[in-house]
Amino acid sequence: MSKIAVIPGDGIGPEVTREALRVLDEVARGDSISLEFEEFPLGAAHYLETEEVLPDETLERLEEKDAVLLGALGDPRVKPGVLEKGILLRLRFHFDQFVNLRPVKLYDGIPSALSGDRRGVNMWFVRENTEDFYVGLGGRVTRGASRSDLVLKRKAYEAKFDIGIDLKDEEEMAYQIGVITRGGARRVLDYAFGLAKSKDLDLVTSVDKANVLTEMYGLWREEVAEASARHGVPSEFQYVDAVALHMIRNPERFKLLVTPNLFGDILTDLGAALQGGLGFAPSGNINPDGVSMFEPVHGSAPDIAGLGLANPVGAILSSALMLDTLGHSDAAAKVEEAVQDVLRDGEHGTPDIGGTTSTSKMGDAVVERLAGTSR
Ligand code: ATP
């Protein structure tokens, strides 16, 4: 029995989550999998009513679950960041979900952002989720606080700007420090190479900028080489700028990319564009030994909330990712296949890809395909 916490959340979150749950019910019934759902009404409405974002008592109840399925968070009535930081980031850190897993697959029937036949777009992103430039180490040095290393800077300014510069103003600086720890790199790389092995992928691409940020990504590279040897899976090193170029020119070459936090953030959005847009992109925030959380990549999309226009595929594929991570890989494959069949047919498509199918009709189509019937 897998115990799933469901947080439908805000905006289109409840609409797309409803369809994901229907699909999960259907596949669980067909495959005799036992899934137990408990819904948690966290999000904007709950916050506006009670001023509670994520009560400690709720967090304790979530600790007893095997996974969390989340719709979306964010509402124009609530200051940006309150719900995102208070729920999403708090859960991510509380459960130490150090892997951000993002499959980027372009299914048949979805228009590609790229020209030509790009059917081979099928890559996994494993993004480190806790370190790098996200550790919150930074500050500002204001005038007079630290002069020594500013002398050189001043010379550069003089050369460049000649006269008329307020040097006191120019001296102020801000800095943000990135951190890679050996343990932090090792655990995400072990996950990435382990995943490559379990999916029969014969190349892991490590993304970094080791030619400039030599210290942090030098250490990262040492760990990549060791993880590659440990797991017996070949690897290559690529600079982030080259990866961006290849993702457009020949995305088919990538199978699994493992990235430090910041580069992963940027490249996975490029990945979402390659797979047909935000409506199709699933994700998981994973702690392999703890409580993982699965959610579509898109946000609450308040502009289309409640209108039945939202594409539920990202949420449905997130639930498949959850099944896979919980060990129900056959059921996960069935859900993915049903989604692929529906999209390939071309009869159903939500407005984000120019179709007229509503959110619930898209869910119907996937459920019916799973049940082995068609309309
Ligand atoms: P957030 O700040 O909550 O992440 P955002 O403004 O970055 O949100 P989203 O809410 O994810 O972005 O979406 C941006 C736009 O993309 C939405 O306003 C909506 O028009 C469209 N969109 C997002 N998700 C979907 C979806 N599942 N189906 C259809 N359109 C979508």
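Residues numbered from 1 in each chain as written. Predicted model: local features only at pLDDT ≥ 70, side-chain atom pairs only at ≥ 80, totals over all residues. Heavy atoms only, no water.

1. Digging into a nonpolar patch on the surface
Phase 1: A cluster of nonpolar residues, V135, L137, Y175 and I177, forms a patch on the protein surface that exposes about 330 Å² of accessible area.
Phase 2: For the nonpolar patch, the elements supplying multiple residues, two or more each, are β6 (132–141) and β7 (173–179).
Phase 3: Mapped onto the elements of the fold, L137 is located in strand β6. (Patch = residues over 30% accessible without salt bridge, like charges linked within 9 Å, V, L, I, M, F, W, Y side chains within 5 Å. Areas by Shrake-Rupley, 256 points an atom, 1.4 Å probe, with all protein chains shown as cover. Salt bridge = Lys/Arg side-chain N within 4 Å of Asp/Glu carboxyl O. Helix = DSSP H or I, 4+ residues; strand = E, 2+ residues; numbered from the N terminus.)

2. Brief notes about the confidence of the model for the protein
Phase 1: Per-residue confidence for the protein gives a mean pLDDT of 91; residues scoring 70 or more make up 91%.
Phase 2: Here residues 145–152 is a poorly scored stretch, pLDDT under 50, and it has five contacts once near neighbours within four places are set aside; other chains count.
Phase 3: pLDDT under 50 marks residues 157–167. Its contacts with residues more than four places away, or in other chains, come to five contacts. (pLDDT = per-residue confidence, 0-100. Contact = heavy atoms within 4.5 Å.)

3. Some points on the sheet that holds strand β4 (residues 99–105)
Phase 1: Ordered in space as β2-β1-β3-β12-β11-β4-β5-β10-β8-β9, the 10 strands form an open sheet in which the pairing is mixed. With partners counted over all chains shown, the strands left at the sheet margins are β2 (35–39) and β9 (235–239), one partner each. Ignoring strand direction, the axes of neighbouring strands in this sheet form an average angle of 25 degrees.
Phase 2: Bridge analysis of strand β8 (residues 204–208) against β9 gives five bridges, and the strand direction is parallel. (Pairing = 2+ DSSP bridges. Axes fitted to C-alpha atoms, helices over the stretch in contact; angles between N-to-C directions.)

4. As for the packing of helix α12 (residues 329–345) against helix α13 (residues 359–370)
Phase 1: Where α12 meets α13, the closest approach of the two axes is 9 Å, and the angle between their N-to-C directions is 120 degrees. Here α12 lies oblique to α13, going by the angle between them. As α12 packs across α13, the resulting crossing turns out to be right-handed. On the side of α12, the interface is formed by K334, V335, A338, V339, D341, V342, L343 and D345, while α13 contributes M362, A365, V366, R369 and L370.
Phase 2: Across the contact of α12 with α13, the residue classes break down as nine nonpolar, no polar and four charged. (Parallel < 35°, antiparallel > 145°, perpendicular 65-115°, else oblique. Left-handed = near helix turned anticlockwise from the far one by under 90°. Nonpolar A, V, L, I, M, F, W, Y, C, P; charged D, E, K, R; others polar.)

5. Comments concerning unusual backbone geometry
Phase 1: For S32, which is not a glycine, the phi torsion comes out positive at approximately 50 degrees.
Phase 2: Within the secondary structure layout, S32 lies in the loop between α1 (13–31) and β2.
Phase 3: The backbone of D200 sits at a positive phi, close to 60 degrees, despite the residue not being glycine.
Phase 4: In this structure, D200 sits in the loop between α7 (182–198) and β8.

6. Considering the site of the ligand
Phase 1: Contacts to the ligand come from 13 residues, most closely from H298, G299, A301, D303 and N311.
Phase 2: Between G299 and the ligand, the recorded distance is 2.4 Å, taken from a backbone N or O atom to an oxygen atom.
Phase 3: Within the side chain of D303, an N or O atom sits 2.6 Å from an oxygen atom of the ligand.
Phase 4: Summarising the interface, the protein chains cover 59% of the accessible area of the ligand, which totals 610 Å² for the free molecule. (Near = heavy atom within 4 Å. Polar contact = N/O pair within 3.5 Å; in protein donor to acceptor, adjacent residues only side chain to side chain.)

7. Here we look at the nonpolar core
Side chains of a nonpolar character, in soluble globular proteins, are inclined to be buried together.
Phase 1: Counting 80 residues, the largest nonpolar core has L101, V126, L189, W220 and L256 as the members making the most contacts within it.
Phase 2: In this structure, L189 is in contact with W220, E223, V224, A227 and V258, ignoring residues within four places of it in sequence.
Phase 3: Judged by nonpolar contacts, the second largest core, of 20 residues, contains A5, I7, L62 and V78. (Core = buried A, V, L, I, M, F, W, Y, C linked by side-chain atoms within 4.5 Å. Buried < 20%, exposed > 50% of the residue type's maximum accessible area, 1.4 Å probe, protein only.)

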